Amino acid sequence: MPSMRKIMLSSQDTAIIPNEWYNVVPDLPRQLPPPVDRDENKSSIQLLNQILPKAILKQEFTFQKYTRIPEEVQEIYAQIGRPTPLFRAHGLEKALDYHGKILVKYEGATITGSHKINTAIPQAFYARDEGSSGVVTETGAGQWGTATTVAASLAGITSKVFMVRVSFNQKPLRKQIMELYGGEIVPSPSPETEFGRRVLSQNPDHPGTLGIAISEAVEYALEHGLKYMLGSVFNSVLTHQSVIGLESEKQLEILGETPDVLIGCVGGGSNFGGFVFPLMKKFKDARIYASTASEVPKFSKGEYKYDYVDTAKILPSIKMYTLGSDYVPEKIYAGGLRYHGAAPSISMLVNSGRINSSDMPEDKVIDALKVFARSQGIVAAPESGHAIATAIEYARENREQKETILVNVSGHGLLDMSIFQR
Amino acid sequence: MALKNFKPDHLGEFADILESKGISTYALSYYSRIGSEGLDFVKSLREDGFSGIIVPDLLTDNPEKSDRLIPEIEKIFRFIPFFNPATPDGVIHSVSSMTSSWIYYGLQPSTGIDMPYDLEEVSSRILGLVHGREVNFGFGIRTIEQVKEILGLGSSGVAIGSLLVQYLKNGDLNSFRKFQGSVKEVYLNAE
């Protein structure tokens with residue numbers, strides 16, 4: 001039996017929780033192209049001033065590598081399950097007959113079952129501290145919406161979530177959980193916003209997209225004087241998510257491990273960036289793989305160019321890999337990966353070749369989730385299944401290499417069981 | 001200055017006059033002009049009396065060109081590095097080492113955007129990274145109080161664009177002159 005010390009299934013040591021977030025922007029090899037306005041008659045960048053807390057805006061454009069995590073947020077991080085476990089996946093190694101090591105950082109262990117809570121907490125608390133009575137956001141698979149509703153409740157403010165209609169219909173449990181946490185959940189496109197009404201007038205059965213839901217949430221926040229919560233893509237969100245990588249760094253040190261390969265899944269890129277960036281700084285030779293859905297092949301078939309963050313083109317244009325802001329992806333099993341673009345910092349590093357990308361089709365992802373569940377006992381989220389599938393493929397192709405693979409499993413899939421019935 | 005209004009001969013006339021009075025003039029041009037005309041464009045600016053050039057989109061949109069282009073420009077006249085809070089430390093170090101001129105530092109990531117920032121943090125960062133180099137601040141300077149604060153924190157000067165352009169657009173030359181005079185007064189007092 002392997003030594004328990006070397007497995008580290010969990011750790012209650014709150015000293016592992018970082019007291020600063022890490023911002024990759026000052027350490028990038030090139031300068032990030034700034035967000036731009038493409039409409040001469042209105043400033044979508046100035047719009048951010050109206051809908052985001054000032055603290056978030058400052059973090060969005062800061063040059064500081066490290067930002068102090070407010071003490072209240074650090075305490076809540078401990079309350080919601082941080083540090084999350086980093087463990088050696090002996091079961092998976094055995095199932096694959098892999099001669100190296102597979103380590104897993106498991107964000108599914110937070111109270112909401114995913115990494116999303118890491119940024120929801122500070123954003124809700126900053127909104128409250130700046131006098132806002134409530135927050136508004138969008139959600140695809142429901143993980144971000146869940147995190148938002150919990151964070152708002154913990155901060156003592158209201159929350160409203162525009163949920164992509166296809167997920168709203170497929171995942172009634174997600175809606176119920178968000179309502180249990182005190183949120184108001186609306187399927188998007190909805191009749192509650194001008195943009196939603198316009199989309200519905202063209203197609204009453206529109207399945208919705210994350211881009212449409214973002215547009216509705218921003219419009220609603222503006223009209224009702226509420227703060228908008230950023231779920232992914234933006235620098236500040238990746239900065240908050242750096243708790244994943246910073247914790248992993250300390251846990252690897254405790255385990256005495258050095259990763260050769262880092263793997264995560266990419267929707268907008270927040271769990272991936274938060275996991276990879278702090279580790280990339282320390283483990284400079286590590287090979288990095290960003291796993292995406294074959295149905296949303298943003299890196300392999302998208303273009304690296306300026307594009308809108310949202311379908312309604314309310315938010316600024318940013319330079320990223322994109323399939324087009326009006327791209328309507330298939331109704332795939334992993335709603336969190338249906339976004340048309342990816343964070344600018346990740347896009348830049350994919351473009352430069354520092355980060356490799358890997359498209360994973362549904363059948364491989366489902367198989368990987370089954371292998372992981374049967375070998376490790378963990379039902380991972382469909383989004384995380386892409387990272388696991390990429391890790392399994394890498395391990396199978398490099399069985400004899402004896403490398404150490406570290407994969408970030410961004411959430412659990414206990415509310416996504418319907419994907420196994422397809 | 002918007003490319004559509006750029007008249008090199010006309011501007012060159014003023015640059016020539018200013019140079020004869022010992023005042024240096026710097027051209028601000030987007031990369032597309034250099035991309036299409038090459039170094040001939042840069043040489044024509046030098047012949048017109050300009051002392052250097054600022055290319056604000058070089059490091060963001062054409063970073064792969066900078067290592068070759070900056071030394072070429074430096075052989076003709078000054079290349080003025082343009083940095084802002086989004087410029088990585090490594091890029092500031094490498095571009096600074098290729099040049100010897102003053103540095104233009106944007107307080108905001110883009111002109112005309114009012115984003116919250118801590119001026120003391122911003123100025124100490126760049127002054128610390130390019131120790132000893134002359135740094136002039138711009139992008140988002142709107143008031144005389146800001147000018148006073150910026151000069152008090154160790155900046156060598158300020159660049160004011162959008163505000164003065166707005167005065168010109170409105171035909172408000174009095175406000176233009178008044179602001180210009182106030183800046184000069186603050187600058188002289190700071191010295």
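These numbers were taken from a predicted model, which means no experiment stands behind them.

Engineer: Help me out: how do you make sense of the domain arrangement of chain A in this one?
Structural biologist: Size of an interface: often given as the accessible area lost when the parts come together. Residue and element names in this part refer to chain A. In terms of domains, chain A is made up of domain 1 (4–19 + 81–114 + 239–421) and domain 2 (22–68 + 116–235). Once you take the C-alpha centre of each, domain 1 and domain 2 turn out to be 22 Å apart. Contacts between the two partners involve 53 residues from domain 1 and, on the opposite side, 60 residues from domain 2. When domain 1 packs against domain 2, close to 4900 Å² is buried across both sides, 62% of that on carbon and sulfur atoms. Linking domain 1 to domain 2 there are two salt bridges. Between Asp-27 and Lys-281 there is a salt bridge, with the nearest N and O atoms lying 3.0 Å from each other. Linking domain 1 to domain 2 there are 15 residue pairs in polar contact (both at pLDDT 80 or more).

Engineer: How do you make sense of the interface of chain A and chain B when you look at a structure like this?
Structural biologist: Counting residues at the interface gives 24 residues for chain A, matched by 24 residues for chain B. Summed over the shared surface of chain A and chain B, the number is five residue pairs in polar contact (both at pLDDT 80 or more). Contributing elements (two or more residues each) for the side of chain A that touches chain B: helix 2 (44–51) and helix 3 (54–60) of chain A. Considering only residue class, the side of chain A that touches chain B consists of 13 nonpolar, five polar and six charged.

Engineer: Which parts of the structure should I look at to understand the nonpolar core?
Structural biologist: In globular proteins that are soluble, nonpolar side chains generally tend to be buried together. Counting 89 residues, the largest nonpolar core has Ile-51, Tyr-77, Tyr-228, Phe-277 and Ile-346 of chain A as the members making the most contacts within it. The residues that make up this core include at least three from each of domain 1 (4–19 + 81–114 + 239–421) and domain 2 (22–68 + 116–235) of chain A. Once residues lying within four places of it in the same chain are set aside, the contact partners of Tyr-77 of chain A are Ile-17, Trp-21, Ile-69, Arg-82, Asn-118, Ile-121, Pro-122, His-240 and Val-243 of chain A. Of all hydrophobic cores here, the second largest spans 44 residues; its members include Ile-70, Val-130, Leu-163 and Leu-164 of chain B.

Engineer: Quick question: what am I supposed to make of the sheet that holds strand 6 (residues 135–138) of chain B here?
Structural biologist: The strands that make up a sheet pair up through hydrogen bonds in the backbone, lying either parallel or antiparallel. Residue and element names in this part refer to chain B. One open sheet holds the four strands; their spatial order is 4-5-6-7, and the pairing between them is parallel. This sheet does not close on itself; its edge strands, each paired only once, are strand 4 (82–83) and strand 7 (157–158). Pairing of strand 4 with strand 5 (residues 103–106), which is carried by two bridges, proceeds in the parallel orientation. Counted as the bridge partner of Phe-83 is Tyr-105 from strand 5.

Engineer: Explanation requested: the packing of aromatic side chains in the structure shown.
Structural biologist: Aromatic ring pairs are reported here in terms of the distance separating the ring centres and the angle at which the planes meet. Overall, the coordinates contain 11 aromatic pairs over all chains when judged by the stated rule. Here the aromatic residues Tyr-26, Phe-82, Trp-102, Tyr-104 and Phe-139 of chain B are joined through ring pairs into a cluster of three or more.

Engineer: What am I meant to see in the side chain of Asp-57 of chain B here?
Structural biologist: Checked against the element boundaries, Asp-57 of chain B lands in the loop between strand 2 (52–54) and helix 4 (58–61). Lys-319 of chain A provides the closest opposite charge to the buried, unpaired Asp-57 of chain B, separated from it by 9.9 Å. Within the structure, Asp-57 of chain B has its side chain in polar contact with the backbone nitrogen of Tyr-31 of chain B (distance 2.9 Å). When sequence neighbours within four positions are dropped, the list of residues in contact with Asp-57 of chain B reads Tyr-30, Tyr-31 and Asn-62 of chain B.

Engineer: Could you clarify how one ought to interpret the side chain of Lys-105 of chain A in this entry?
Structural biologist: With respect to the secondary-structure elements, Lys-105 of chain A resides in strand 4 (residues 101–106). A distance of 2.9 Å separates the side chain of Lys-105 of chain A from the side chain of Gln-251 of chain A, its partner in a polar contact.

Engineer: Can you help me understand the sheet that holds strand 9 (residues 261–265) of chain A in this one?
Structural biologist: All names here are of chain A. Here we have six strands laid out as an open sheet, ordered 3-4-14-9-10-13, and mixed in their pairing. If you trace the sheet from one side to the other, it starts and ends with strand 3 (86–88) and strand 13 (355–360), each paired once. Put simply, the sheet's adjacent strands are angled 25 degrees from each other on average, direction ignored. Bridge analysis of strand 9 against strand 10 (residues 287–293) gives five bridges, and the strand direction is parallel. Its bridge partner lying in strand 10, Gly-264 is registered against Ala-290.

Rules behind the numbers
In every chain, residue numbers begin from 1 and rise along the written sequence. Labels follow written order: the first chain is A, the first ligand is 1, and so on. At least 70 in pLDDT is required for a residue's local features to be given in this predicted model, at least 80 for side-chain atom pairs to be given and counted, and no such filter applies to totals for whole chains, interfaces and linings, which use all residues. The basis for the side-chain values is all heavy atoms of the structure; hydrogens and waters are excluded. Start and end points for every domain follow an automatic or database-based domain assignment. The criterion used for residue contact is that any of the two residues' heavy atoms lie within 4.5 Å. A simple way to read buried area is as the amount of 1.4 Å-probe accessible surface that goes missing from two parts once joined, with both sides added. By definition here, a salt bridge exists when the distance from a side-chain nitrogen of Lys or Arg to a carboxyl oxygen of Asp or Glu is within 4 Å. Each polar contact in these results corresponds to two N or O atoms within 3.5 Å; when the atoms are within protein, one needs to be able to donate a hydrogen and the other to accept it, and residues that are neighboring in sequence are counted only if both atoms are side-chain atoms. Under the scheme used here, helices are H or I runs from DSSP no shorter than 4 residues and strands are E runs no shorter than 2 residues, and both carry numbers assigned from the N terminus. Gly falls in the polar group here, along with every residue not listed as nonpolar (Ala, Val, Leu, Ile, Met, Phe, Trp, Tyr, Cys, Pro) or charged (Asp, Glu, Lys, Arg). To form a nonpolar core, buried Ala, Val, Leu, Ile, Met, Phe, Trp, Tyr and Cys residues must be joined to one another through side-chain atoms within 4.5 Å. Using a 1.4 Å probe on the protein chains alone, a residue whose accessible area is under 20% of its type maximum counts as buried, one over 50% counts as exposed, and one in between counts as partly exposed. DSSP bridges decide pairing: two strands pair if at least two such bridges lie between them. Pairing of aromatic side chains here covers Phe, Tyr and the six-membered ring of Trp, requires ring centres within 6.5 Å, and sorts the geometry by plane angle: under 30 degrees stacked, over 60 edge-to-face, intermediate tilted. Charge assignment in this entry is limited to Lys and Arg as positive and Asp and Glu as negative, and neither His nor the chain termini are counted. Every axis corresponds to a line fitted to the C-alpha atoms, with the helix fit spanning only the stretch in contact, and the corresponding angles, defined between N-to-C directions, vary from 0 to 180 degrees.

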